[in-house]
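As a plain string of letters, each chain reads:
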Amino acid sequence: MIYKYFNRPFILGIFFTLLVAVLSIILAKLPVISSIGALAVALLIGVIYRQTLGYPESLRPGITFSAKKLLRFAIVLYGFKLNLQLIINDGWIMILLGIGVIIFSFLMMYLLNKYFKTNSSIMFLLAAGTGICGAAAISAVSSIIKAKEEDTAISIGLISIVGTIFALSYTFIGPLFDMNNAAYGIWSGLSLHEIAQVVLAGGSANDDGMAMALLSKLSRVFLLIPVSFLIMYFVSRKQHHKTGGKVDIPYFLFFFVLVAIVNTFVTVPAVLSAAIDQLTTLLMVMAMVGLGLSVPLQSIREKALKPLYALVITSVFIGHYVLRCFYYLNTKRQLKAAVFFVSSYIIFSQAAKI
């Protein structure tokens, strides 16, 4: 066991992903490139490296460890972004709207998958990423459903690029709607994919708008917990029927919840919190390098185009859906909001059965 994790190929593979990750983070600070973020940059470098120089087979043990184990550890550390008490006390209405966004996302992707007849695994991962919290949700769900590394990489790449384009477009589209800064922040937080994308879009509002954007987004991040366990429950039932009782449990989810609870009730010093945030980012970027190296160019050509169409369509409809829900709430017509919320769910539930 010790030899498995402390041999030359393993250590050099870890170092390789670390080196590329640091390079990606540096490149992501440059103008223009900064808008797509370090995760997408690392994925792109990994894909280009494989297509030009080939997969570094001698480093495979360390690269695989980064793509799988370090990714799960990063998800656990992601729990430090959550203050459950703050979200439940101040963001309960955002949680209700967030549930609607998640249901909407999964049902839209399900319907579009039936129409496009494309890769179901990628579409499911994109539904999680679009509805919850981008790359973090895709990473967590991919571990639960045992998705292929190349499917995970393609999904994260698509969600990063499309989400960034939408975040930039929000800064231009937002002023066209009759919304104050707080409303714009809620719209951004409930409909954009990544936290970084919400920050990018929310930057065009004032401090109140940014605060509401982050609260709305973190309310959706909170929903990663129940959604992950719900998916795990259905996957476990399916595995139980197939294997006769043997079920793989992604234990990292329990640690993710534990970390979120600790962060809620224990005051973490600002310096330590910043260090954990940077470590989380570094580990996620290292994992993206490993995932990017796992993707053959042929897979991108065959698998990415139709899911890209579906992602854009779903993202547009989610933006519209949130605007409609917020319109009813903002005008104090809670009853109509509830009717709209429930009727939308019923319509899409029935459509999914067709």
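Conventions used here
- Residues numbered from 1 in each chain as written.
- Predicted model: local features only at pLDDT ≥ 70, side-chain atom pairs only at ≥ 80, totals over all residues.
- Heavy atoms only, no water.
- Salt bridge = Lys/Arg side-chain N within 4 Å of Asp/Glu carboxyl O.
- Helix = DSSP H or I, 4+ residues; strand = E, 2+ residues; numbered from the N terminus.
- Buried < 20%, exposed > 50% of the residue type's maximum accessible area, 1.4 Å probe, protein only.
- Patch = residues over 30% accessible without salt bridge, like charges linked within 9 Å, V, L, I, M, F, W, Y side chains within 5 Å.
- Areas by Shrake-Rupley, 256 points an atom, 1.4 Å probe, with all protein chains shown as cover.
- Contact = heavy atoms within 4.5 Å.
- Expected span 1.5 Å × (residues − 1).
- Arc of directions from axis to C-beta.
- Polar contact = N/O pair within 3.5 Å; in protein donor to acceptor, adjacent residues only side chain to side chain.
- Core = buried A, V, L, I, M, F, W, Y, C linked by side-chain atoms within 4.5 Å.

Draft legend 1. Layout of the pattern of salt bridges. Counting across every chain of the model gives five salt bridges. Between E149 and K68 there is a salt bridge; the shortest N-O distance is 3.8 Å. Pair noted here: E149 is in helix α9 (residues 149-173) and K68 is in helix α4 (residues 60-77), with a separation of 81 residues, a long-range link. The exposure class of K68 is partly exposed, given its relative accessible area of 45%. The closest approach of N and O atoms between K303 and D151, which form a salt bridge, is 2.9 Å. Of the two residues, K303 sits in helix α16 (residues 297-303) while D151 sits in helix α9, which places them 152 residues apart along the sequence. Just as K303 is buried, D151 falls in that class too. Salt bridges sharing common partners tie together E150, D151 and K303.

Draft legend 2. Representation of a nonpolar patch on the surface in the model. On the surface, a nonpolar cluster with roughly 810 Å² of combined accessible area is contributed by Y251, F254, F255, L258, I261, V262, F265 and V266. For Y251, the location among the structural elements is in the loop between α13 (224-243) and α14 (252-265). Judged by relative accessible area, Y251 falls into the exposed class, the value being 54%.

Draft legend 3. Local environment of the environment of F16. With respect to the helices and strands, the residue F16 is situated in helix α2 (residues 8-27). Accessibility expressed as a relative area gives 15% for F16, which makes it buried. C-alpha of F16 to C-alpha of I63: the two residues are 47 residues apart in sequence and 7.7 Å apart in space. Those residues within four positions of F16 in sequence are excluded, and the remaining contacts are Y49, P56, L59, I63 and L293.

Draft legend 4. Molecular detail of helix α6 (residues 92-116). With 25 residues, α6 ought to run about 36 Å at 1.5 Å a step, and its terminal C-alpha atoms sit 36 Å apart, in line with that. Looking one or two residues beyond α6, the residue adopting positive phi is K117, at roughly 55°.

Draft legend 5. View of helix α11 (residues 195-202). Listed in full, the buried residues belonging to α11 are I195, Q197, V198, A201 and G202. Viewed along the axis of α11, the buried residues span an arc of 160°, placing them on a single side of the element. On its buried face, α11 sits against α9, α10 (181-191) and α12 (207-222).

Draft legend 6. How the structure looks around the side chain of S219. Tracing the backbone shows S219 in helix α12. At 2.8 Å, the side chain of S219 and the backbone oxygen of L215 are in polar contact.

Draft legend 7. Here's a closer look at the nonpolar core. Within the largest apolar cluster, 106 residues are counted, with the highest numbers of intra-cluster contacts made by L82, F222, F256, M288 and L291. The contact partners of F222, leaving out residues within four places of it in the chain, are L82, L84, I87 and I95.

Draft legend 8. Spatial organisation of unusual backbone geometry. In the Ramachandran plot, K117 falls in the positive-phi region, its phi being about 55° despite a non-glycine side chain. Judged by relative accessible area, which is 68%, K117 ranks as exposed.

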